[in-house]
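# Observations on the three-dimensional arrangement
Spelled out from the first residue to the last, the chains are:
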Amino acid sequence: MSKVRKETIAIHGGYEDDPTTHSVAVPIYQTVAYAFDSADHGAALFNLEAEGFRYSRISNPTCAVLERRVAQLEGGVEAMAVGSGQAALHYAVANLLDPGKNIVSVPQLYGTTHTLFAHYLRRLGITVRFAESDQPAAIAALLDENSRGVFCETVGNPAGNMCDIEGLARVAHAHGVPLIVDNTVATPILLRPIEHGADIVVHSMTKFMGGHGTTMGGIIVDSGKFPWRNHARRFPMFNEPDESYHGLVYTDHFGDAAYIARCRSVYLRTTGSVLSPLSAFLLLQGIETVALRVERHVENARRVAEFLRNDPRVDWVNYVGFPDNPYHALARKYLNGKACSLLTFGAKGGYDGAVRFYDALKLIKRLVNLGDAKSLACHPASTTHRQMTREEQVKAGVTPEMIRLSIGIEHADDIIADLDQALDAARLRLDVLAAAS
Ligand code: PLP
């Protein structure tokens, strides 16, 4: 499958017709455990000497198809699916760090990822250093001998910044640490970060990959390219015997897939944020159409961005598809000359104006999600980013009047008509307020 294109991988990747039933659709293996032929067979499975399944907290055949499919889509060696994007982020980072160590992150992050990094990981003795900007030089300035990774969202949510993945990978690798990226907003259809030097790719599959707003899920993809053995002092967990697993040395046993294998046997096995087989099935259904959907999302977003930009009721539009956007050149380079379907804008009237506009939407859903077939709107200052201080919000690219739109695959004219009427409704009320004062 590695030679076929993304559109084909999305439909066939990781699955051969089921050997027992010849089922063409991926079966839902709704089982907790798998019978052993004998005590010796069980022992061989536990010793990782035989291939197979033992218990669904560790792996499950339906989830395994999803893992292989997403690994192929991203061009990685292996992947591990988990119950949510947040679980994937937690495991992806925790797998690299012991207490006292740090990672360096760009500041433009999804709000809960910021909370995970700034508050929860700190309580485990792990520090996340937030750089002043997403520029590689700003990251390099914070790396030290205790650093174990560099983190970014390839396209920041909701800031809409496009990271220079090659530049960040260069800085990380010069320091002997991996680059971990969250590729949720871009999807492997627009961007495959491993081709640009990223070592570990994380997704919230809850978004574009599933694509229908029905199913939570996360995944970590291991590129298999980071040379853990060359950095054994920094990463003893992959290179020294693991006492919790019969003294196994991950790099010896799993070679290129040492990182993801440890993630599974340490984090998934012991803390258990598993993806259910039914969820894996639903996500696989979604992934079959991801390439088509992304194409339509992107085209609709372009039409919406142009409408907003030409509208006098709108103060500003942040859309990487505009040539005067500061991230346009990076977007052209990394997103195949396209832009993604997430954009932000500020309606006139500050925080209150944004809230009035938001309340007037009819077709576009008011919620905190993105990447659904439906068009969605979020007001980050009052929801996803409300736990941050004002200063942290600004660093994360959030302003009080900002509305984030995730443009769906409805007819573009209908999306635009809804925005138009909501802007009108907000402005009318502004007029009423002005007349009353
Ligand atoms: N990463 C990004 C960029 C997100 O936007 C989100 C959620 O919005 C997440 C991770 C978390 O994913 P989940 O909601 O599946 O835990």
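In this report, we go over the structure that sits alongside the text. Worth saying up front: this structure is predicted, and the values here are computed from it rather than measured. (Residues numbered from 1 in each chain as written. Predicted model: local features only at pLDDT ≥ 70, side-chain atom pairs only at ≥ 80, totals over all residues. Heavy atoms only, no water.)

### Overview of the sheet that holds strand β6 (residues 200–204)
Across a sheet, strands are paired by hydrogen bonds formed along the backbone, either parallel or antiparallel in direction. Spatially, the seven strands line up as an open sheet ordered β1-β7-β6-β5-β4-β2-β3, and their pairing is mixed. Of all strands in the sheet, those with a lone pairing partner are β1 (78–82) and β3 (127–130), marking the two edges. Strand-to-strand twist across the sheet, computed as the mean angle between neighbouring axes with direction ignored, equals 20 degrees. Sheet topology places β1 next to strand β7 (residues 218–222); five bridges connect them, and they run antiparallel. Within β7, the position partnered with E78 by the bridge is D222. (Pairing = 2+ DSSP bridges. Helix = DSSP H or I, 4+ residues; strand = E, 2+ residues; numbered from the N terminus. Axes fitted to C-alpha atoms, helices over the stretch in contact; angles between N-to-C directions.)

### A look at empty space enclosed by the protein
Summed over the entire model, instances satisfying the criterion amount to two cavities of 30 Å³ or more. If you add up the space inside the largest cavity, you get close to 60 Å³. Along its surface, the largest cavity is lined by S56, R57, I58, S59, N60, C63, E67, A81, R264, L268, V274 and L275. When contributions to the lining of the largest cavity are tallied by element, the ones reaching two or more residues are α3 (61–74) and α11 (258–271). Looking at the lining of the largest cavity residue by residue, the class counts come to six nonpolar, three polar and three charged. There is about 40 Å³ of room inside the second largest cavity. In this structure, the second largest cavity is lined by V185, A186, T187, L190, F208, V294, H297, V298, C340 and S341. Every element with two or more residues in the lining of the second largest cavity is listed here: α8 (187–190) and α13 (290–309). For the lining of the second largest cavity, the element with the highest residue contribution is α13, accounting for three residues. Counting contributing residues, the lining of the second largest cavity receives three or more from each of domain 1 (6–286) and domain 2 (290–436). (1 Å grid on protein atoms, 1.4 Å probe; cavity = no way out; pocket = protein on both sides within 12 Å on 5 of 7 lines; lining within 4 Å. Points joined across faces, edges and corners; volume = space filled by probe spheres on them. Nonpolar A, V, L, I, M, F, W, Y, C, P; charged D, E, K, R; others polar. Domains from an automatic or database assignment.)

### What about the nonpolar core?
Across soluble globular proteins, nonpolar side chains have a tendency to be buried as a group. Membership of the largest hydrophobic core comes to 130 residues, with the highest contact counts inside it found for L66, I220, L308, F345 and L405. A total of nine residues in this core trace back to one element, the largest contributor, which is α13. Shared between two domains, this core holds at least three residues of each, these being domain 1 (6–286) and domain 2 (290–436). When neighbours within four sequence positions are excluded, I220 is seen to be in contact with E78, A79, M80, A88, Y91, A92, I200, V201, Y259, I260 and C263. (Core = buried A, V, L, I, M, F, W, Y, C linked by side-chain atoms within 4.5 Å. Buried < 20%, exposed > 50% of the residue type's maximum accessible area, 1.4 Å probe, protein only. Contact = heavy atoms within 4.5 Å.)

### Concerning the environment of A426
Secondary-structure assignment places A426 in helix α17 (residues 412–436). As a C-alpha pair, A426 and L292 span 134 residues in sequence and 34 Å in three-dimensional space.

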